[in-house]
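Spelled out from the first residue to the last, the chains are:
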Amino acid sequence: MTERHTDGVIVLGAAGFVGSAIHAARRATGATVIGTSRDAIPGLEQVDDGAALDRLLADGYGQVVVTPQLGAPIDWILDRIDGPRWVVLSSMQLAATALPPGAATARLREDHAITRGAVVLRPTMIFGHGRDVNLTRLIRLFRTLRVVPIPADANQLVQPIHVDDLVALIEQVRTRPKAGRYSVGGDEALPASELLQLIAEIVGARRVPIGGVAGLLTGAAARLGRSRADRFDRLFEDKTADLSVAAAAFEWWPAPLGIRLEQAVRESERSA
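Please read all numbers here as calculations on a predicted model, not as lab measurements.

The rules behind each value
- Throughout, residues of each chain are indexed from 1 in the direction in which the sequence is written.
- Under the rules for a predicted model, residues below a pLDDT of 70 receive no local features and side-chain atom pairs below 80 are neither given nor counted, while totals for whole chains, interfaces and linings still include all residues.
- Hydrogens and waters are ignored; side-chain quantities use all the structure's heavy atoms.
- Burial here depends on accessible area, computed with a 1.4 Å probe over protein chains only, as a share of the maximum for the residue type. Under 20% is buried, over 50% is exposed, and the range in between is partly exposed.
- Under the DSSP-based scheme used, a helix requires at least four consecutive residues in state H or I and a strand at least two consecutive residues in state E, with every element numbered from the N terminus.
- Of all possible arcs, the one meant is that of the directions from the helix axis to the C-beta atoms.
- Every residue pair with non-hydrogen atoms within 4.5 Å of one another is taken to be in contact.
- In the sections that follow, a salt bridge refers to a side-chain nitrogen of Lys or Arg positioned within 4 Å of a carboxyl oxygen of Asp or Glu.
- The criterion for strand pairing is that DSSP finds at least two bridges linking the strands in question.
- Helix axes use the C-alpha atoms of the stretch in contact, all axes being lines fitted to C-alpha atoms, and the angles between their N-to-C directions lie in the range 0 to 180 degrees.
- Note that the term roughly parallel is reserved for angles under 35 degrees, roughly antiparallel for angles over 145, roughly perpendicular for angles of 65 to 115, and oblique for everything else.
- Note on convention: near helix rotated counterclockwise from far helix by under a right angle means a left-handed crossing. Clockwise means right-handed.
- We call a crossover right-handed when, viewed with the strands running away from us, the connection from the first strand over the helix to the second turns clockwise.
- Scored between 0 and 100, pLDDT is the confidence that the predictor attaches to each residue.
- Polar here means any residue outside two lists: the nonpolar Ala, Val, Leu, Ile, Met, Phe, Trp, Tyr, Cys and Pro, and the charged Asp, Glu, Lys and Arg; Gly therefore counts as polar.
- In protein, a polar contact means a hydrogen-donor-capable atom and an acceptor-capable atom, both N or O and within 3.5 Å, with residues adjacent in sequence counting only if both atoms are side-chain atoms; elsewhere, any N or O pair within 3.5 Å suffices.
- In this analysis the probe radius is 1.4 Å and the grid spacing 1 Å, with only protein atoms considered; a cavity is a set of points the probe fits into but cannot get out of, a pocket is an open set with protein on both sides within 12 Å along at least five of seven lines, and lining residues have an atom within 4 Å of a point.
- Grid points are joined across faces, edges and corners, and a volume is the space filled by probe spheres set on the points.

Caption draft 1: Seen up close, helix H5 (residues 135-145). Within H5, the full set of buried residues consists of Leu135, Thr136, Ile139 and Phe142. For H5, the angular spread of the buried residues around the axis is 130°, confining them to a single face. Turned more than 90 degrees off the buried face of H5, the exposed positions are Arg137, Thr144 and Leu145. On its buried face, H5 sits against strand S7 (126-127), strand S8 (147-151), helix H7 (192-203) and helix H11 (257-271). At the C-terminal side of H5, Arg146 shows a positive phi close to 65°.

Caption draft 2: The pattern of salt bridges, seen in detail. Within the structure shown, the criterion is met by eleven salt bridges. Here Asp54 and Arg80 are joined by a salt bridge, their closest N and O atoms 2.7 Å apart. Of this pair, Asp54 sits in helix H2 (residues 50-57) while Arg80 sits in the loop between helix H3 (75-78) and strand S5 (86-89); the two residues are 26 residues apart in sequence, bridging distant segments of the chain. For Asp54, a relative accessible area of 36% gives the class partly exposed. With its nearest N and O atoms 2.8 Å apart, the salt bridge here joins Glu110 to Arg122.

Caption draft 3: Fine view of the sheet that holds strand S1 (residues 9-12). Spatially, S3-S2-S1-S4-S5-S6-S11 is the arrangement adopted by the seven strands of the open sheet, whose pairing is parallel. Taken across any chain shown, the strands that pair with only one partner, and hence form the sheet edges, are strand S3 (45-46) and strand S11 (180-184). The pairing of strand S4 (residues 63-66) with S5 spans three bridges and is classified as parallel. In the strand pairing of S5, Val65 is matched with Val87. Each of S5, strand S6 (119-123) and S11 touches helix H4 (residues 103-115); the most contacted strand, S6, lies at about 145° to it.

Caption draft 4: The arrangement of the packing of helix H1 (residues 17-28) against helix H6 (residues 163-175) in detail. The contact between H1 and H6 brings their axes to 10 Å, and the two run at 60°. Taken together, the axes of H1 and H6 are oblique relative to one another. Of the two possible hands of crossing, H1 and H6 adopt the one that is right-handed. Together, Phe17, Val18, Ala21, Ile22, Ala25 and Arg26 of H1 and Val163, Leu166, Val167, Ile170, Glu171 and Arg174 of H6 make up the contact between the two elements.

Caption draft 5: Looking closely at the pairing of S6. The element S6 is largely enclosed, with a buried count of five among its five residues. Where burial is concerned, the two faces of S6 agree: the one with Val119, Leu121 and Pro123 and the one with Val120 and Arg122 are both buried. Pairing analysis gives three bridges linking S5 to S6, with the strands arranged parallel. By the bridge assignment for S6, Val87 is matched with Val119. Running through H4, the crossover from S5 to the neighbouring parallel element S6 is right-handed. Of the pairings in the sheet, the one linking S6 to S11 comprises five bridges and is parallel in character. What sits directly across from Arg122, in S11, is Ser183.

Caption draft 6: Here's a closer look at the environment of Glu269. Counting through the fold element by element, Glu269 comes out in helix H11. With 126 residues separating them along the chain, Glu269 and Arg143 place their C-alpha atoms 9.4 Å apart.

Caption draft 7: Region of the structure containing the confidence of the model for the protein. Confidence in the prediction for the protein averages 89 pLDDT; 89% of positions are at 70 or higher. Contacts from residues 215-234, a stretch scored under 50 in pLDDT, to residues over four places away or in other chains number 24 contacts.

Caption draft 8: View of the packing of H5 against H11. Contact pair H5 / H11: the axes reach a minimum separation of 10 Å and the direction vectors enclose 70°. When the interaxial angle is binned, H5 and H11 end up roughly perpendicular. Contacts from Leu135, Thr136, Ile139, Arg140 and Arg143 in H5 reach Leu261, Ala264, Val265, Ser268, Glu269 and Ser271 in H11. Considering only residue class, the contact of H5 with H11 consists of five nonpolar, three polar and three charged.

Caption draft 9: Quick peek at the environment of Gln159. Within the secondary structure layout, Gln159 lies in the loop between strand S9 (157-158) and strand S10 (161-162). Counting along the chain gives 30 residues from Gln159 to Ala189, while the straight-line C-alpha distance between them is 4.5 Å. Discounting chain neighbours no more than four positions away, the residues touching Gln159 are Thr124, Gly185, Gly186, Glu188, Ala189, Lys239, Thr240, Ala241 and Leu243. Here Ala241 takes part through its backbone nitrogen, which lies 2.8 Å from a polar atom of the side chain of Gln159.

Caption draft 10: A look at the layout of surface pockets. As a volume, the second largest pocket reaches approximately 160 Å³. What lines the second largest pocket is a set of 13 residues, and nearest its centre among them are Leu12, Gly13, Ser37, Arg38 and Pro68. Of all the secondary structure elements, the ones that give two or more residues to the lining of the second largest pocket are strand S2 (33-37) and H3. When the residues that make up the lining of the second largest pocket are grouped by side-chain class, the tally is eight nonpolar, three polar and two charged.

Given below as structure tokens:
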């Protein structure tokens, strides 16, 4: 008789930033956890087609976490969703006015996952563990320069979430699964300029106010063709999430942003 792993977790995409954090956290608890990758990576199961995934699913794992981006060709994964034991990670970028390329397809895949009964999480910008390319990159830059430029026009609201808070939410979902789409972010939203000031204080860098530079720099870069126009448009949109639905459904709340930023600074030092 096949052994059932009803308290176990399959993490699809365990080689990535978020997937590896989920995989490590679950292993640290002593739980049965299987991390997968489409490539052959030591310590991970290679799952690159439906047959390989079906073999894992037959063992009755209590939760399956899908971390690959919904813009990727993962329909063969989503077609196997069979209820809220499945957690699908999406992005709050799909709620933006200026949508990134592939957003229409990603939204369709979100809808498909929800139709099949999954829990779909839309996180804001994820940081931490020294592995993200957002806040950690800024922290390392500011620690090196010892100067943090604070644009006067950086008033858009941001609400970054530390990866540990996202991992904690996914564990809460495991114990009380409720299908639906949930916005997920850090414990507070604040202007981007204030976020930069917080980072400056933590790393001990000098704050240098700069007037009107954000629009100038983004416009110049766009003219040089160094990035897409939609990416610049999103720079000036608020990037926030209403946590109330996820908080009520899963009895979860993220740690204070200041504590998580201090943690991220320590993590960036250890991983440098």
